[in-house]
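Here is what each chain is made of, one letter per residue.
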Amino acid sequence: MEVQQTMRMLVTGGAGFIGANFVHQTLREHPEYEVTVLDALTYAGNPASLAPVRDDIEFVHGSVADADVVDRLVGRCDVVVHFAAESHNDNSLRDPAPFLTTNVVGTFTLLEAVRRHGARYHHISTDEVYGDLELDDPAKFTPETPYNPSSPYSSTKAGSDLLVRAWVRSFGIHATLSNCSNNYGPYQHVEKFIPRQVTNVLSGLRPKLYGAGENVRDWIHVDDHNSAVHAILDRGRSGETYLIGADGEKNNREVLALVLELTGQPADAFDSVTDRAGHDLRYAIDATKLRTELGWTPRYTEFREGLAATIDWYRENEAWWRPLKDGVEAAYAAQGQ
Ligand code: NAD
Ligand code: TDX
């Protein structure tokens, strides 16, 4: 019988949306890992998202920008998967400062610890580093697309990606990067588009569409994002960037129409509100490298089904999102959104 060696994995941002789903998937499907989560529990971090696995992981409350705690944890890990970030574009327009500290200084702090201790590092990033595409452009983002970020959020993510690439080239750290499109699924903060609209309907509020709603996002289920990250951890080549996407392009109007249909609302039961400043028009991912080189395929190919299951999750888990809702809506209302 083959005995599998246990590897110690540090997951930063594991109390956030994608990180928490990653921890759940890792414990379910990858028993070779022992998981430690490092999370600062900002407004976006929720210990309740880890409650089902609380006894199976180590949880450390702290910041990725804290060099002492990072050095101690990276020093006793084999693998670091870095999800922690300030992640919301609208917040980055209100106050960019924490985006610099967490996304840039936090990544720098991790990279220095990885350099000292020799851990394997995987960097989670976004397709937004590439800027946006025209609606009628047949092109999609590829790993060769030049960086051209639009918002304080995406520019700090781009900066953090460039730090990783420089640490690979200059110091030879063992690192991979992934840039993924828009995720949906359980445990996503109610500030984000799909959870905001779903929880608005569940609260008797009208959904809010920015501008004309023509902006296109390339939706992927969070479990598909995370299975791609595991494929990269298992089989990715050091120093390489993999784009993660599942051919899920839809404009915001279409997504909102589905939310309204699946929740039994009339098709016109929403408000058009002030558009986002600098609003990126379209994102689209070409994931050929991930599919051909690593043999990855998505499981959630029917957006309608994945969205219906996500709506059910918000229906059944009101205790998880209700405490966040009023504060988020008050902040949006203050800026006419
Ligand atoms: P999120 O905002 O839901 O979660 C972020 C987590 O990081 C929270 O638990 C928060 O407490 C934690 N955190 C914030 N600052 C920290 C700090 N200084 N130290 C330690 N922990 C800190 O974000 P998300 O949507 O889960 O995104 C996770 C990662 O995936 C981010 O790097 C984001 O850029 C990337 N990403 C997100 C999407 C998406 O659609 N949500 C798409 C592509 C890439
Ligand atoms: O109320 C809303 N109404 C609306 O029309 C909100 C909150 C958003 N929108 C629009 C803006 C975008 O075109 O919906 C689209 C999606 O918005 P967000 O959920 O804020 O996502 P986005 O800005 O596309 O960024 C997301 O995907 C890439 C994540 O938040 C990022 O972390 C990730 O990098």
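The structure under discussion appears in the preceding block.
Notes on the structure in this doc start here.

Parameters and conventions
- Residues take numbers from 1 onward in each chain, read along the sequence in its written order.
- Chains and ligands are labelled by the order in which they are written, letters from A for the one and numbers from 1 for the other.
- Residues qualify for local features only when their pLDDT is at least 70, as the model is predicted, and side-chain atom pairs are given and counted only at 80 or more; totals for whole chains, interfaces and linings, by contrast, use all residues.
- Side-chain numbers here rest on the full set of heavy atoms in the structure, without hydrogens or water.
- Proximity is defined per residue: any heavy atom of the residue falling within 4 Å of a molecule or strand makes that residue near it.
- Between N or O atoms, a polar contact is any pair within 3.5 Å; within protein, one atom must be a potential hydrogen donor and the other a potential acceptor, and residues adjacent in sequence are included only when both atoms are from side chains.
- For every accessible area listed, the method is Shrake-Rupley and the probe measures 1.4 Å; residues are considered covered only by the protein chains on display.
- What counts as a helix is a DSSP run of H or I of at least four residues, what counts as a strand is a run of E of at least two, and both are numbered from the N terminus.
- Under the scheme applied, nonpolar residues are Ala, Val, Leu, Ile, Met, Phe, Trp, Tyr, Cys and Pro; charged residues are Asp, Glu, Lys and Arg; polar residues are all the others, including Gly.
- At least two DSSP bridges between two strands are required for those strands to pair.
- Note on method: axes are straight lines fitted to C-alpha atoms, helices fitted across the in-contact stretch only, with angles between N-to-C directions ranging 0 to 180 degrees.
- Two rings from Phe, Tyr or Trp (for Trp, the six-membered ring) form a pair when their centres are within 6.5 Å of each other. A pair whose planes differ by under 30 degrees is stacked, one over 60 is edge-to-face, and the rest are tilted.
- The buried label goes to any residue with under 20% of its type's maximum accessible area, the exposed label to any with over 50%, and the partly exposed label to all in between, with areas taken from a 1.4 Å probe on protein chains only.
- Contacts between residues were defined by any pair of non-hydrogen atoms, one from each residue, lying within 4.5 Å.
- Basic side-chain nitrogens of Lys or Arg form a salt bridge, by our definition, when they fall within 4 Å of a carboxyl oxygen of Asp or Glu.
- Convention used here: a crossover is right-handed provided that the path from the first strand, over the helix, to the second strand proceeds clockwise when the strands point away from the viewer.

### Some thoughts on the site of ligand 2
By nearness alone, 22 residues border ligand 2, and T126, E128, Y153, R276 and H279 come closest of all. Interatomic distance of 2.5 Å between a side-chain N/O atom of Y153 and an oxygen atom of ligand 2. Contact with the protein chains removes 94% of the 660 Å² of surface that ligand 2 exposes when unbound. Of all elements in the fold, only α6 (193-203) and β8 (208-210) reach the threshold of two or more residues within the shell around ligand 2. Grouping the amino acids of the shell around ligand 2 by side-chain chemistry returns 6 nonpolar, 9 polar and 7 charged.

### Topic: the sheet that holds strand β11 (residues 241-244)
As a general point, the strands of a sheet are linked pairwise by backbone hydrogen bonds and lie either parallel or antiparallel. Here 7 strands make up an open sheet; going across it, the order is β3-β2-β1-β4-β5-β6-β11 and the pairing parallel. Each edge of the sheet is formed by a strand with only one pairing partner; in this case those strands are β3 (58-61) and β11. Between one strand axis and the next, the sheet turns by 20° as a mean value, whatever way the strands run.

### Considerations on the packing of aromatic side chains
In this structure the tally under the stated criterion is 13 aromatic pairs. Their ring planes at 50° and their centres at 5.0 Å tell us that F22 and F83 sit as a pair that is tilted. Here the residue F22 occupies a position in helix α1 (residues 17-29), and F83 occupies one in the loop between β4 (79-82) and α3 (89-94), the gap between them amounting to 61 residues. Take F22: its relative accessible area is 0%, and that puts it in the buried class. For F83, a relative accessible area of 10% corresponds to the buried category. When the ring of F141 is compared with that of Y283, the centres are 6.5 Å apart and the planes differ by 40°; the resulting orientation is tilted. One end of the pair, F141, is in the loop between β5 (120-126) and α5 (152-171); the other, Y283, is in the loop between β13 (271-273) and α9 (288-294), with 142 residues separating them in the sequence. Side by side, F141 and Y283 carry an identical accessibility label, which is buried.

### Examining helix α8 (residues 252-262)
Within the sequence span of α8, burial applies to N252, V255, L256, L258, V259 and L260. Among the structural elements, α6, β8, β9 (216-218), β12 (249-251) and α10 (303-316) are those in contact with the buried residues of α8. N-cap assignment for α8: the residue whose side-chain oxygen lies 3.1 Å from the backbone N of R253 is N251. Immediately downstream of α8, the backbone of G264 shows phi near 70°, a positive value.

### Topic: the site of ligand 1
By nearness alone, 28 residues border ligand 1, and I18, D39, S87, Y153 and K157 come closest of all. Interatomic distance of 2.8 Å between a backbone N/O atom of I18 and an oxygen atom of ligand 1. A distance of 2.6 Å separates an oxygen atom of ligand 1 from a polar side-chain atom of Y153. For ligand 1, whose accessible area on its own is 850 Å², the fraction buried by protein is 96%. Among the secondary structure elements, those contributing two or more residues to the shell around ligand 1 are α1, β5 and α5. Per-element tally for the shell around ligand 1: the top contributor is β5, with 3 residues. Classifying every residue of the shell around ligand 1 by side-chain character gives 13 nonpolar, 13 polar and 2 charged.

### Looking at the pattern of salt bridges
The final tally for this structure, using the stated rule, is 20 salt bridges. Two residues, R237 and E240, come together in a salt bridge whose shortest N-O distance is 3.6 Å. With relative accessibility at 44%, the residue R237 sits in the partly exposed group. With relative accessibility at 22%, the residue E240 sits in the partly exposed group.

### A short note on the side chain of S151
Residue placement: S151 occurs in the loop between β5 and α5. Judged by relative accessible area, which is 11%, S151 ranks as buried. Within the structure, S151 has its side chain in polar contact with the backbone nitrogen of Y153 (distance 3.2 Å). Discounting chain neighbours no more than four positions away, the residues touching S151 are N89 and S92.

### As for the pairing of strand β1 (residues 7-12)
The sheet contact formed by β1 and strand β2 (residues 33-39) spans 6 bridges and is parallel. What sits directly across from T12, in β2, is L38. Handedness of the β1-α1-β2 crossover: right-handed. Note: β1 against β4, 4 bridges, orientation parallel. Within β4, the residue paired with M9 across the bridge is V79.

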